[in-house]
Amino acid sequence: MQYKILKKNKYQDFVKGLIEDYNFIGPTKKDKSVHDFVPLNSIEELDTNYLKTTIPPAKKILFPPNEKLIEYEIGDEIKVKPVIESSETVLFGINAWDINGMNFLDKFFSKDFVDENYWDKRDKLTVIGMDTEPTENNFALSMDTEYATDGFDLYLHDLGDRYFVRVNTPKGNELVEKYVDFDDASENDFKDFDKYMDDYRAQFSNKVNIKSFYDNFEMIYNDEEFWKKIAKNCFSCGSCNLVCPTCFCFNVKDDLKLDLKTGEKTREWDSCMIPEYGLVAGGHNFRPNKENRLKQRYRCKLKTYFDKFGQYACVGCGRCIEACLAKINIAEDINSVKKEVNV
Amino acid sequence: MSKPKVGVFGFTGCGGCQLEILNLEDQLLDLVSAVDIVHFREAITEYSDDYDIALVEGSVTTKHGVERIEKIGDIAKIIVAVGACACTGGLNCLKNLYGLEKAKDLVYGDKKDWIDTIETKPIDKYVKVDYMARGCPPNRFEIVDVIRSLILGRKPEIPNYPVCVECKRNGNTCVYELGMTCLGPITRAGCDSRCPNSVSGCEGCRGIIDNPNVNAQKDVLEEYGLTVEDIMENFNLYNACKKIEQK
Ligand code: SF4
Ligand code: SF4
């Protein structure tokens, strides 16, 4: 890691250079309540000062909601053509927990199998991080995701009159050398950066005791009442999954055209909270009730993948809390476990 | 294998579902080469009483309609209900809310005796419906999916999850957050969340999912300062028949 300083008066030229040269994806205001990451053509459209995005930016780019995987043709023989679409892209202004969410997806799409559709895009993605203000539901601090140590090329921390820049990769270094002059960080800059991080961390008001949830998970696992109570108002609408930066489940659809010769297979985001998810041939459903499904979701996020990857499949972004019309709140539920089991 | 013969039939409704089939445009030629369309009043002059698959639009609202749908039931091997009116009764069920006599009075006044009308019902109240391509208008690609699945002998993939799933896939801001009501959490998806996509609440035209959490929906409305009446007004638009049945 290298540490640099980018003066505020050089920031604009730096960003303009990136927009000029790359497929540049950054945050822009969508409506009164959210921002969205979209391809931008001018710096005027860029607004890095955002509070909420509905869909996590990295997931949207690397694992899009609908993605064509193959095209095929049935004739004397069956011809299959893989479809992989990617281009050199700069993802600008993604925050630390969303970078950590992407780091989780990186693991998921490479551990048991290497997903080429994901990795072709991932390898061509230059990630430039920036901190954003946490919402009141955000518990990233408790999940250790308010700071990214990996998964980005550059990270710009706004110290007020200058950016403290962490350069994490050779690709990031190329960009530092390409457009404007960056200065080396001095001892004073490091001091200011430490102070900045302390202040930044102080903004995270929502805290969870994830350790206690994890440790007690086996004990609550069979506590039906606990799960019933939490899931009572669940619509089984899947919103919590679909907005989550780490949810990776997908369903593959076969679309044979009416000529009955050509077709394609596409994948689309799936959700473990909807009843069909556990439905198998013959009509049996492994998770018929909403409380079964919610338990599965929490186990996947807060237990299974920590055991598997050493990283929770939850970065504490709070999106699922905000997306849930039934007000099901993973942070409150994590904290309720200690009370449930320790009394 | 000979091509299956398909008849397209219209009952009470606006005719828009049949139009959606014609709107398939670039798939139309493939469609007519995959199946033999033998009866389709909105598109061809021929009539036929010999068909394997019946695509039925509209709800049953007259005695004559009852006779016709029962005849279709006798002939067709497979019946597909197309569109909200055929699947749930649709808008036509609003009539039932008034009561027949009052509705006739309101609309036809002193000529009401000329009118042969009965309580509106979706077609599955008279015949066995094998598949439903829901919506107002139905998603024409879903109609294609149903036909293609029938040719291939597999089950069409009609979602039984709520519109929220498609809404999130489309990256929409929840319309509740924008101060509107929405039946999305309890309405069957498959429309690609087209109403929320253009920033307006779902009106439930595809009918309700199999296991809706209606109590939760009430809680949500309260949370957003809305009443059950607000939502019932929306709900009635397409699902009045269902409501009366539940009473
Ligand atoms: S968003 Fe809420 S209501 Fe919807 S499936 Fe998730 S927990 Fe249930
Ligand atoms: S489970 Fe909820 S809080 Fe955790 S990462 Fe997913 S959306 Fe964010």
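All of these numbers come straight from a predicted model, not from anything done at the bench. (Residues numbered from 1 in each chain as written. Chains lettered and ligands numbered in written order. Predicted model: local features only at pLDDT ≥ 70, side-chain atom pairs only at ≥ 80, totals over all residues. Heavy atoms only, no water.)

**With respect to the overall build of chain A**
Of the regular secondary structure elements, chain A holds twelve helices and twelve strands. Taking 20 Å as the expected radius of gyration for a compact globule of 343 residues, we find that chain A reaches 22 Å, a close match to that expectation. Its C-alpha atoms give chain A principal-axis dimensions of about 70 × 65 × 40 Å. Buried positions account for 55% of the 343 residues belonging to chain A. Restricting the contact set of chain A to residue pairs at least 6 apart, pairs at least 24 apart contribute 73%. With an accessible surface of roughly 15,500 Å², chain A has 48% of that area assigned to carbon and sulfur atoms. Counting 49 positive and 60 negative side-chain charges, chain A places the centres of these two groups 5 Å from one another. (Helix = DSSP H or I, 4+ residues; strand = E, 2+ residues; numbered from the N terminus. Rg over C-alpha atoms; globule rule 2.2 N^0.38 Å. Buried < 20%, exposed > 50% of the residue type's maximum accessible area, 1.4 Å probe, protein only. Contact = heavy atoms within 4.5 Å. Areas by Shrake-Rupley, 256 points an atom, 1.4 Å probe, with all protein chains shown as cover. Lys, Arg positive; Asp, Glu negative; His and termini not counted. Charge placed at Lys NZ, Arg CZ, Asp CG, Glu CD.)

**Focus on the domain arrangement of chain B**
Residue and element names in this part refer to chain B. By domain assignment, chain B separates into domain 1 (5–152) and domain 2 (163–245). Once you take the C-alpha centre of each, domain 1 and domain 2 turn out to be 25 Å apart. With 19 residues of domain 1 at the interface, the matching set in domain 2 holds 15 residues. Where domain 1 abuts domain 2, roughly 1,400 Å² becomes buried across the two surfaces, and 57% of that area is made up of carbon and sulfur atoms. When the buried area of domain 1 at its contact with domain 2 is split by residue, Thr88, Leu97 and Arg134 rank highest and sum to 33% of it. Where domain 1 packs against domain 2, one counts four residue pairs in polar contact (both at pLDDT 80 or more). Residue assignment for the side of domain 1 that touches domain 2 shows that the elements contributing at least two residues are helix 4 (84–88) and helix 5 (94–98). Considering each element in turn, the side of domain 1 that touches domain 2 owes the most residues, three residues, to helix 5. (Domains from an automatic or database assignment. Buried area = accessible area lost by both parts, 1.4 Å probe. Polar contact = N/O pair within 3.5 Å; in protein donor to acceptor, adjacent residues only side chain to side chain.)

**What to know about the pairing of strand 1 (residues 5–10) of chain B**
All names here are of chain B. The pairing of strand 1 with strand 2 (residues 36–40) spans four bridges and is classified as parallel. Each bridged residue has a counterpart across the sheet, and for Val8 the counterpart in strand 2 is Phe40. Inspection of the sheet shows strand 1 paired to strand 3 (residues 53–57) by five bridges, in the parallel sense. Paired with Gly10 across the bridge in strand 3 is Glu57. (Pairing = 2+ DSSP bridges.)

**Let's talk about the packing of helix 7 (residues 210–221) of chain A against helix 10 (residues 290–309) of chain A**
Residues and elements named next belong to chain A. Running from N to C, helix 7 and helix 10 point in directions that differ by 120 degrees, and their axes come no closer than 11 Å. Judged by the angle between their axes, helix 7 and helix 10 are oblique. Crossing of helix 7 over helix 10 shows left-handed handedness. Note on element contacts: helix 10 touches helix 7 through Lys295, Tyr298, Arg299, Leu302, Lys303, Phe306 and Asp307, opposite Ile210, Phe213, Tyr214, Phe217, Glu218 and Tyr221. Split by residue class, the contact of helix 7 with helix 10 holds eight nonpolar, no polar and five charged. (Axes fitted to C-alpha atoms, helices over the stretch in contact; angles between N-to-C directions. Parallel < 35°, antiparallel > 145°, perpendicular 65-115°, else oblique. Left-handed = near helix turned anticlockwise from the far one by under 90°. Nonpolar A, V, L, I, M, F, W, Y, C, P; charged D, E, K, R; others polar.)

**Quick look at the site of ligand 2**
Contacts to ligand 2 come from Phe139(A), Cys244(A), Pro245(A), Lys301(A), Cys314(A), Val315(A), Gly316(A), Cys317(A), Gly318(A), Arg319(A), Cys320(A) and Ile330(A). Looking at the shell around ligand 2 residue by residue, the class counts come to eight nonpolar, two polar and two charged. (Near = heavy atom within 4 Å.)

**Concerning the domain arrangement of chain A**
By convention, interface size is frequently given as the accessible area that disappears when the constituent parts associate. Residues and elements named next belong to chain A. By domain assignment, chain A separates into domain 1 (2–201) and domain 2 (210–341). Measuring from the centre of the C-alpha atoms in domain 1 to the corresponding centre in domain 2 gives 26 Å. Every contact between the two is made by 42 residues of domain 1 and, on the other side, 43 residues of domain 2. Between domain 1 and domain 2, roughly 3,600 Å² of surface is buried when both sides are summed, and carbon and sulfur atoms account for 60% of that area. At the junction of domain 1 and domain 2, the tally comes to five salt bridges. (Salt bridge = Lys/Arg side-chain N within 4 Å of Asp/Glu carboxyl O.)

**Looking at the environment of Glu177(B)**
Its place among the elements puts Glu177(B) in the loop between helix 8 (163–169) and helix 9 (194–197). Each C-alpha atom, one on Glu177(B) and one on Leu94(B), is 30 Å from the other, the two residues being 83 residues apart in sequence.

**A short note on the sheet that holds strand 6 (residues 89–94) of chain A**
All names here are of chain A. In space, the eight strands of this open sheet follow the order 3-2-6-7-8-9-1-10, with mixed pairing throughout. In this open sheet, the two edge strands, each paired with only one partner strand, are strand 3 (35–39) and strand 10 (183–184). Relative to strand 6, strand 2 (residues 23–29) runs parallel, the two sharing three bridges. The residue bridging Phe24 from the neighbouring strand is Val90, located in strand 6. Strand contacts of helix 3 (residues 96–111): strand 6, strand 7 (125–130) and strand 8 (154–158), with the helix running at about 145 degrees to strand 7, the strand carrying the most contacts.

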